Amino acid sequence: MGRDLSLAPCGLVVERVETEAAGLLIMARPASKTATCPTCGSASGRIHSTYERSLADLPSQGRAVRIRLWTRRFRCVLMTCRQRIFTERLAATAARPFARRTTRLEGIVHHLGLALGGRPGQGFARRLLLPVSKDTLLRVVRRHAALPIEAPRVVGIDDWAFKRGHRYGTIVCDLERRRIIDLLPDREAATVAAWLAARPSIGVIARDRGAGYIQAATDGRPEATQVADRWHLMENASAAFLTVVQRSMQAVRKAVGSDVVDPTALSCAERRQHSGWLRREEENTAILALAKQGVAIKEIVRQTGKSRGLVRQVVRGGRMDVFRSRMGSLDPFLKQLDADWVNGCRNGAALWRRVKAAGFAGGLRVVAEWATRRRKEEGTAPGGVRPRKVPSARGIVRMMTTERDLLSKTVARTMAIIEGAVPALVVARDLVDRFHSMIQRRASTDLEPWIMDAAPSLLGSFVTGIVQDRAGVHAALTQPWSNGQTEGQNTKLKLVKRQMYGRANLDLLRARLLGAA
Ligand SMILES: [Zn+2]
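1. Concerning the coordination of the zinc ion
Working step 1: Coordination of the zinc ion by the protein comes from Cys37 (SG), Cys40 (SG), Cys76 (SG) and Cys81 (SG), over a distance range of 2.2 to 2.4 Å.
Working step 2: For the zinc ion, the four donor atoms in the first shell make angles of 100 to 116 degrees at the metal, a pattern classed as tetrahedral.

2. Notes on helix 19 (residues 470-478)
Working step 1: The complete set of buried residues in helix 19 reads Gly472, Val473, Ala475, Ala476 and Leu477.
Working step 2: Contact partners of the buried residues in helix 19: strand 11 (204-207), strand 12 (225-228), helix 6 (230-247), helix 16 (423-441), helix 17 (447-454) and helix 18 (460-468).

3. Focus: unusual backbone geometry
Working step 1: The phi angle at Phe98 is positive, at roughly 65 degrees, despite the residue not being glycine.
Working step 2: Here Phe98 shows up in the loop between strand 7 (85-87) and helix 1 (103-116).
Working step 3: Take Phe98: its relative accessible area is 75%, and that puts it in the exposed class.
Working step 4: For Arg442, which is not a glycine, the phi torsion comes out positive at approximately 50 degrees.
Working step 5: Here Arg442 is to be found in the loop between helix 16 and helix 17.
Working step 6: With relative accessibility at 38%, the residue Arg442 sits in the partly exposed group.

4. Considering the pairing of strand 11
Working step 1: Burial along strand 11 is two-sided: the face carrying Val204 and Ala206 and the face carrying Ile205 and Arg207 are both buried.
Working step 2: Both strand 11 and strand 12 contribute to a ladder of four bridges, which runs parallel. What sits directly across from Ile205, in strand 12, is Gln226.
Working step 3: Between the parallel elements strand 11 and strand 12, the chain passes through helix 5 (residues 211-220) in a crossover that is right-handed.

5. As for the packing of helix 3 (residues 134-145) against helix 21 (residues 506-514)
Geometrically, a packed helix pair is captured by the angle between its two axes and the distance between the axes.
Working step 1: Where helix 3 contacts helix 21, the axes come no closer than 8 Å and their chain directions differ by 65 degrees. Classified by the angle between their axes, helix 3 and helix 21 sit roughly perpendicular to one another. The way helix 3 lies across helix 21 gives a crossing that is left-handed. Between helix 3, through Leu138, Val141, Arg142 and Ala145, and helix 21, the contact on the second element is made entirely by Asp507, Leu508, Ala511, Arg512 and Leu514.
Working step 2: Its residues placed into classes, the contact of helix 3 with helix 21 shows six nonpolar, no polar and three charged.

6. Some details on the packing of aromatic side chains
Working step 1: Counted under the stated rule, the structure contains six aromatic pairs.
Working step 2: Ring geometry for Phe74 against Phe86: centres 5.9 Å apart, planes inclined by 20 degrees, an arrangement best described as stacked. Residue Phe74 is located in strand 6 (residues 63-75), and its partner Phe86 is located in strand 7; the two are separated by 12 residues in the primary sequence.
Working step 3: Phe74 gets classed as buried once you look at its relative accessible area, which sits at 0%.
Working step 4: Consider the rings of Phe435 and Phe462, whose centres lie 5.2 Å apart with planes at 75 degrees: the pair is edge-to-face. With Phe435 in helix 16 and Phe462 in helix 18, this residue pair connects regions lying 27 residues apart in the sequence.

7. Remarks on the side chain of Asp174
Working step 1: Along the polypeptide, Asp174 turns up in strand 9 (residues 167-174).
Working step 2: Judged by relative accessible area, Asp174 falls into the buried class, the value being 1%.
Working step 3: Here the side chain of Asp174 touches Glu176 through a polar contact of 2.9 Å, landing on its backbone nitrogen.
Working step 4: Beyond its immediate stretch of four places on either side in the chain, Asp174 contacts Pro152, Val154, Arg179, Ile181 and Gln485.

8. Observations regarding the environment of Arg398
Working step 1: Position of Arg398 relative to the elements: it lies in helix 14 (residues 393-400).
Working step 2: Once the C-alpha coordinates of Arg398 and Leu242 are considered, the two residues, 156 residues apart in sequence, prove to be 9.4 Å apart.
Working step 3: When residues no more than four places from it in sequence are discounted, the contact partners of Arg398 are Glu403 and Arg404.

Conventions we followed
Chains are numbered independently. Their residues run from 1 in the order of the written sequence. Where local features are concerned, this predicted model is filtered to residues with pLDDT of at least 70; where side-chain atom pairs are given and counted, the filter is 80 or more; whole-chain, interface and lining totals use all residues. Only hydrogens and water are removed before side-chain values are computed, so all heavy atoms of the structure are retained for them. Ligating atoms shown are N, O and S within 2.8 Å of the metal, or 3.2 Å for Na, K and Ca, and water is not included, meaning a site may look less than complete. In short, tetrahedral needs four donors with all angles between 85 and 135 degrees, square planar needs four and octahedral six donors with opposite donors over 155 degrees apart and all other angles between 65 and 115, and whatever is left is irregular. Exposed residues in this analysis have more than 50% of their type's maximum accessible area, buried residues have under 20%, and partly exposed residues fall in between, with area computed by a 1.4 Å probe over protein chains only. Only DSSP runs of H or I reaching four residues or more are called helices, and only runs of E reaching two or more are called strands; each is numbered from the N terminus. Contact definition: two residues touch when any of their heavy atoms are within 4.5 Å. Strands pair, by our definition, only if DSSP identifies at least two bridges between them. Looking down the strands as they point away from you, a crossover is right-handed if its path from the first strand over the helix to the second goes clockwise. Fitting a line to C-alpha atoms yields each axis, with helices limited to the stretch in contact; the angle taken between N-to-C directions then spans 0 to 180 degrees. For classification purposes, angles smaller than 35 degrees are called roughly parallel, those larger than 145 roughly antiparallel, those between 65 and 115 roughly perpendicular, and all remaining angles oblique. Helix crossings are classified by the rotation of the near helix relative to the far one: an anticlockwise turn of less than a right angle makes the crossing left-handed, while a clockwise turn makes it right-handed. Classes in brief: Ala, Val, Leu, Ile, Met, Phe, Trp, Tyr, Cys and Pro nonpolar; Asp, Glu, Lys and Arg charged; the others, Gly included, polar. To pair, rings of Phe, Tyr and Trp, with the six-membered ring standing in for Trp, must have centres within 6.5 Å; the planes then decide the type, stacked if under 30 degrees apart, edge-to-face if over 60, and tilted in the middle. By the criterion applied in these results, polar contacts are pairs of N or O atoms within 3.5 Å in which, for protein atoms, one can donate a hydrogen and the other can accept it, and in which residues neighboring in sequence qualify only through two side-chain atoms.

These figures capture arrangement, not role.
Structure below.
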């Protein structure tokens, strides 16, 4: 019988195929008539003895497959060789020495172990007719993880929770090759420093801003460039602003309680807006008073000299703002929106379709936000001032930063009062803005001026931290490396850990993550 490559791995000749209870049995022999001595390298055709070897292979036609072959022992032909007898080796693509599975089955087993772990992998393997136990799956995974890795040059270090909130380890990634290269059992500076010290190839270390890892990097590889993580820098700056607001809450409460905008505490632009608001408030009050007496809109227009549209707007309570909202693109359509709203169209999408038909180029969101605000304002009767609520510190942070441009008129007014009473908050907010923008633009030359400006502000302790980690922060603005990737790998780690149902044993977790590359 000739060679049949579809039935046996490369380097083996199939002699016979038998059906047995457990599946298919392929009888095979090595194709080569000679073998090479592993010690001296000379080829020998002198067979000393044979022994039977059994290899599990990939299943075929719904049956498990076993390959039985006679492997030979050869005598070395070189008289001076100290190896007198040697066992022939199969091609690496067929099976490793002493392996009990073909290389192609081993590959599948490895991937199954990586993807599913021990017990679930075993169940799945049984369905695939792969004869492997959970221990085998894990052993294969461990063996592949132990393969040597290339010397890393740029690493990212971060901590990860072994058991959430109880025990932490350290994850190390090769940022150039985008893979996890080690998991350390804790996040002690000494452990990490020793790991780094043993790897002289490392020249760049991206790390978070915790004192532990700064220490570890400095002790372990003092000559390496440390890169503070940009994401953490952004987060730390935001957190610093929250602290500032929390510490200012007493002043905030006092300010909101007093319910008065102090024009002297406002910035120039705000003052202009504020005086405009006072003027509009006067006009509004006059118009509303007339409307209350039952005076027709036409007559109010005549008496006040204001436009018909404006009078209608005021009568309907649509003009109560301190600081103008920044709608911009929607401005020319406000009249129409207002009319539709009054006629009972209260749905954001429907309103959007109507203004779009009239030429509005903006998105649904802008209109939906307008509708939300309008709905809120309906709750506030014109003229009737409700007792002002003091926003939470987190709320103030949001309203001074991310939601700055989306405030309802009532909230904008409260915020104007707060900002007027505690101007240092505005200064701190602007400094945090500048810091964020500096990180985003990688504007390294902005760092020193920022430190100078921020030092006397309420952000004091955050600035101290930046000064202490000056080199790391500067590197974050000049180096392409970031720990963002390590965080991503940390997510992968969490996923694998969850599959292991919390029984994560470090060595196994490490094996599953490291072998995955
Ligand atoms: Zn030899």
